[in-house]
Amino acid sequence: MNTIYLVGFMGCGKTSVGKQLSKQLEVPPYDVDSTVEKLRGKTIKEIFHNEGEEAFRNYESLAIRQLPLEHAVVMTGGGAVVREENLSYMKSKGIVIYLKTSFPVLWNRLMKEDERNKRPILLTRTKEEVQALFHERSKYYEKSDIEIVTDHFTTEEVCHQILEKLNRLNTEQLDKTKK
């Protein structure tokens, strides 16, 4: 099995879906942000504060390339796909799945205090600025191989949808090779 890369805006459920999906597929989960923190010995918040977003994006790109290419579920950061090189790399090495969530649902999730404090972007930007960032990034997310709408679904339901689409994709690929 090729690696599955989960993409989407912060708060869309990449971490919770990724952990559940990895259990169902019986493969390890990898979180790009956690990988960056381990490699750099600093939190994402510290990297943003001391080195800036551009440095973080560089570390993020390196981390994506250091994770397994098979038998894994990788949860990316919300901005990972903005770099075309990251999106191209992930699409060439595995299957990229966009967890599509509407902005009002995302904003409600992000405004929980524990979420706000974990996300450096939320500490410095207004709701309007975050919404503009969401719209800007959406065009990149939409280049994914598979799109799953998550708004009113549980983690388990989202995983079920992903598995159904992966099975359909595998069936289509088998049919093409038989022709």
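Just so it is clear, the structure is predicted and the values come from calculations on it, not from any experiment.

Draft legend 1. Molecular detail of the packing of helix α3 (residues 44–51) against helix α4 (residues 53–66). As a packed pair, α3 and α4 sit with axes 7 Å apart at the nearest point and diverge in direction by 130°. When the interaxial angle is binned, α3 and α4 end up oblique. In this structure, α3 contributes I44, I47, F48 and E51 to the contact, and α4 contributes E53, A55, F56, R57 and Y59. For the contact of α3 with α4, a count of residues per class yields six nonpolar, no polar and three charged.

Draft legend 2. Structural detail: the nonpolar core. Counting 51 residues, the largest nonpolar core has L6, F9, V36, M90, I97, L99 and I162 as its most contacted members. In contact with L6, other than residues within four places in its own chain, are K14, V17, G18, V73, V74, M75, T76, I97 and I162.

Draft legend 3. Structural context of the pairing of strand β4 (residues 94–100). Within β4, six of the seven residues are buried, which leaves the element mostly enclosed by the surrounding structure. Note that β4 and strand β5 (residues 146–149) share four bridges and pair parallel. Within the sheet, the bridge partner assigned to I97 lies in β5 and is I146.

Rules behind the numbers
- Residues numbered from 1 in each chain as written.
- Predicted model: local features only at pLDDT ≥ 70, side-chain atom pairs only at ≥ 80, totals over all residues.
- Heavy atoms only, no water.
- Axes fitted to C-alpha atoms, helices over the stretch in contact; angles between N-to-C directions.
- Helix = DSSP H or I, 4+ residues; strand = E, 2+ residues; numbered from the N terminus.
- Parallel < 35°, antiparallel > 145°, perpendicular 65-115°, else oblique.
- Contact = heavy atoms within 4.5 Å.
- Nonpolar A, V, L, I, M, F, W, Y, C, P; charged D, E, K, R; others polar.
- Core = buried A, V, L, I, M, F, W, Y, C linked by side-chain atoms within 4.5 Å.
- Buried < 20%, exposed > 50% of the residue type's maximum accessible area, 1.4 Å probe, protein only.
- Pairing = 2+ DSSP bridges.

Keep in mind that these numbers describe shape and distance, not what the molecule does.
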